Amino acid sequence: MLSRYILALALTTAGFAPLASCQQQCGLKLAPCPYDQRCVPDSPDCADPNGCRGTCRFKNMYAACGGMRPRPVTCEAGAECRDDPRRPEEGCGLACDAPGICMPKRPRQCGGIAGSVCPEGLYCYDVPEDGCDPTNGGADCLGLCL
């Protein structure tokens, strides 16, 4: 167990996003990954996740930033460090020194009354800090395309 925390700390300080507790197991014909994730085999020797165990990972990767690190990672021009809306279960995010992601300063919006959809390859995520909860009566909440 201690080695898992040491590995997570090493990956975080190197600029990689830590594994989310929500990342589910897949492969071996288990339940499929959520629509915005793909099954990545746990073993480098496995090419087909149906024949080995894997872990669901986000299809779209964003650089990790912020968080409690000796040398915080900053984002490139045109991007800013924000809480990852793909992982709302991670609590208070950057406010608690958890890593965020570098996302566009003005990401395309989706959902809402118009029901706007994201361009192909991007997925719509709720904005947790906007006060609108789609799981609690907020049918017209806006989201972000990531």
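Residues numbered from 1 in each chain as written. Predicted model: local features only at pLDDT ≥ 70, side-chain atom pairs only at ≥ 80, totals over all residues. Heavy atoms only, no water.

## Some remarks on the overall build of the chain
Of regular secondary structure, the chain possesses one helix and nine strands. Its helices and strands taken in sequence order, the chain reads α-β-β-β-β-β-β-β-β-β from the N to the C terminus. The buried share among the 146 residues of the chain stands at 32%. In the chain, the proportion of contacts linking residues at least 24 apart, taken out of those at least 6 apart, comes to 52%. Surface summary for the chain: the accessible area is close to 9500 Å², and the carbon and sulfur share equals 56%. (Helix = DSSP H or I, 4+ residues; strand = E, 2+ residues; numbered from the N terminus. Buried < 20%, exposed > 50% of the residue type's maximum accessible area, 1.4 Å probe, protein only. Contact = heavy atoms within 4.5 Å. Areas by Shrake-Rupley, 256 points an atom, 1.4 Å probe, with all protein chains shown as cover.)

## Notes on the pairing of strand S3 (residues 53-58)
Pairing analysis gives three bridges linking strand S1 (residues 25-27) to S3, with the strands arranged antiparallel. Bridge pairing in S3 places Gly 27 opposite Arg 53. Inspection of the sheet shows strand S2 (residues 37-41) paired to S3 by five bridges, in the antiparallel sense. From the neighbouring strand, Arg 38 faces S3, where its bridge partner is Arg 57. (Pairing = 2+ DSSP bridges.)

## A word on the sheet that holds strand S7 (residues 109-111)
Sheet architecture is open: three strands sit in the order S7-S9-S8, paired in antiparallel fashion. The open sheet terminates on both sides in strands that have one partner only, identified here as S7 and strand S8 (124-126). Across the sheet, the mean angle from the axis of one strand to that of its neighbour is 50°, orientation sign disregarded. In the sheet, S7 pairs with strand S9 (residues 142-145) via three bridges, with the strands oriented antiparallel. From the neighbouring strand, Cys 110 faces S9, where its bridge partner is Gly 143. (Axes fitted to C-alpha atoms, helices over the stretch in contact; angles between N-to-C directions.)

## Points about the packing of aromatic side chains
A complete count under the given rule lists one aromatic pair for this structure. Taking the ring centre of Phe 58 as reference, the NZ or CZ of Arg 86 above it sits at 4.1 Å. (Phe/Tyr/Trp six-rings, centres within 6.5 Å; stacked < 30°, edge-to-face > 60°. Lys NZ or Arg CZ within 6 Å of the ring centre and 35° of its normal.)

## Looking at the environment of Gln 37
Tracing the backbone shows Gln 37 in strand S2. Taking the relative accessible area as the measure of exposure, Gln 37 reaches 9% and is therefore buried. It is 9.5 Å that separates the C-alpha atoms of Gln 37 and Thr 55, two residues lying 18 residues apart in sequence. If near-sequence neighbours (up to four positions away) are discounted, Gln 37 is found in contact with Cys 56, Arg 57, Phe 58 and Lys 59.

## Brief notes about the nonpolar core
Listed in full, the nine residues of the largest apolar core are Phe 58, Tyr 62, Ile 101, Met 103, Tyr 123, Tyr 125, Val 127, Leu 144 and Leu 146. Apart from the residues lying within four places of it in its own chain, the contact partners of Leu 146 are Asn 60, Tyr 62, Pro 85, Ile 101, Met 103, Pro 104, Leu 122, Tyr 123 and Tyr 125. (Core = buried A, V, L, I, M, F, W, Y, C linked by side-chain atoms within 4.5 Å.)

This is a description of form; function is not addressed.
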